[in-house]
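Listed below are the residues making up each chain.
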Amino acid sequence: MLTRKIVTAGILSVLSLSAGSFDRNCVPCHRKERVPLRQTFMNALLIYSGEHNMKAGLKYFLRHPSVETSVMGKAYFRTHRLKAPSTLPERELDEALDEYWERYKVIGRLR
């Protein structure tokens, strides 16, 4: 029984280490707060209208969060809190934004 728990813990540790920056740093909080990542992506895409602008806008928001620069709109903050500024290192934040774009982009997926 103890061996099974140790093996399970080891597998979970390896899986969490192999997860990308987006899965480690963004997904858990969005799940906890019940904020759909696809909805957030579509809101951001409507506002920023392209990969470069969207990544730059989200990066700015994550470093300097405010209701005025959120893609969710003011009504969203009646039920949700504004997160503290991200402390992720630059490289890890860029990696997370790249992963987010790749996972939810619509370019090349419409038929």
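You'll find the structure just up there.
Residues numbered from 1 in each chain as written. Predicted model: local features only at pLDDT ≥ 70, side-chain atom pairs only at ≥ 80, totals over all residues. Heavy atoms only, no water.

As for the overall build of the chain
From N to C terminus, the chain includes six helices and zero strands. Its helices and strands in sequence order give the chain the pattern α-α-α-α-α-α, from N to C terminus. Considering the chain as a whole, with its 111 residues, one finds that 32% of them fall into the buried category. Sequence-distant contacts, at least 24 apart, represent 66% of the contacts inside the chain between residues at least 6 apart. Here the chain has roughly 8000 Å² of accessible surface; of this, 59% comes from carbon and sulfur atoms. (Helix = DSSP H or I, 4+ residues; strand = E, 2+ residues; numbered from the N terminus. Buried < 20%, exposed > 50% of the residue type's maximum accessible area, 1.4 Å probe, protein only. Contact = heavy atoms within 4.5 Å. Areas by Shrake-Rupley, 256 points an atom, 1.4 Å probe, with all protein chains shown as cover.)

Quick word on the nonpolar core
Counting 22 residues, the largest nonpolar core has Phe22, Phe41, Met54, Leu58 and Tyr100 as the members making the most contacts within it. Secondary structure elements with two or more residues in this core: helix H4 (37-48), helix H5 (51-63) and helix H6 (90-104). Residue contributions to this core peak at six residues, all from H6. For methionine 54, the contacting residues outside a window of four places in its chain are Phe41, Ala44, Leu45, Tyr48, Tyr100 and Trp101. (Core = buried A, V, L, I, M, F, W, Y, C linked by side-chain atoms within 4.5 Å.)

Overview of the side chain of lysine 55
Structurally, lysine 55 is set in helix H5. Among the residues examined, lysine 55 registers a relative accessible area of 18% and is labelled buried. In terms of polar contacts, lysine 55 uses its side chain to reach the side chain of aspartate 98, at 2.7 Å. Beyond its immediate chain neighbours, meaning those up to four positions away, lysine 55 contacts Leu97, Asp98 and Trp101. (Polar contact = N/O pair within 3.5 Å; in protein donor to acceptor, adjacent residues only side chain to side chain.)

Notes on the side chain of threonine 40
With respect to the element layout, threonine 40 can be found in helix H4. Looking at threonine 40, the relative accessible area reads 11%, which means it is buried. From its side chain, threonine 40 meets the backbone oxygen of proline 36 in a polar contact 3.0 Å long. If near-sequence neighbours (up to four positions away) are discounted, threonine 40 is found in contact with His30, Val35, Val71, Met72 and Tyr100.

Considering unusual backbone geometry
Backbone geometry places arginine 34, a non-glycine residue, at a positive phi of 60°. Along the polypeptide, arginine 34 turns up in the loop between helix H3 (27-33) and H4. Among the residues examined, arginine 34 registers a relative accessible area of 73% and is labelled exposed. The residue serine 49 is not glycine, and still its phi comes out positive at about 55°. As for its placement among the helices and strands, serine 49 is situated in the loop between H4 and H5.

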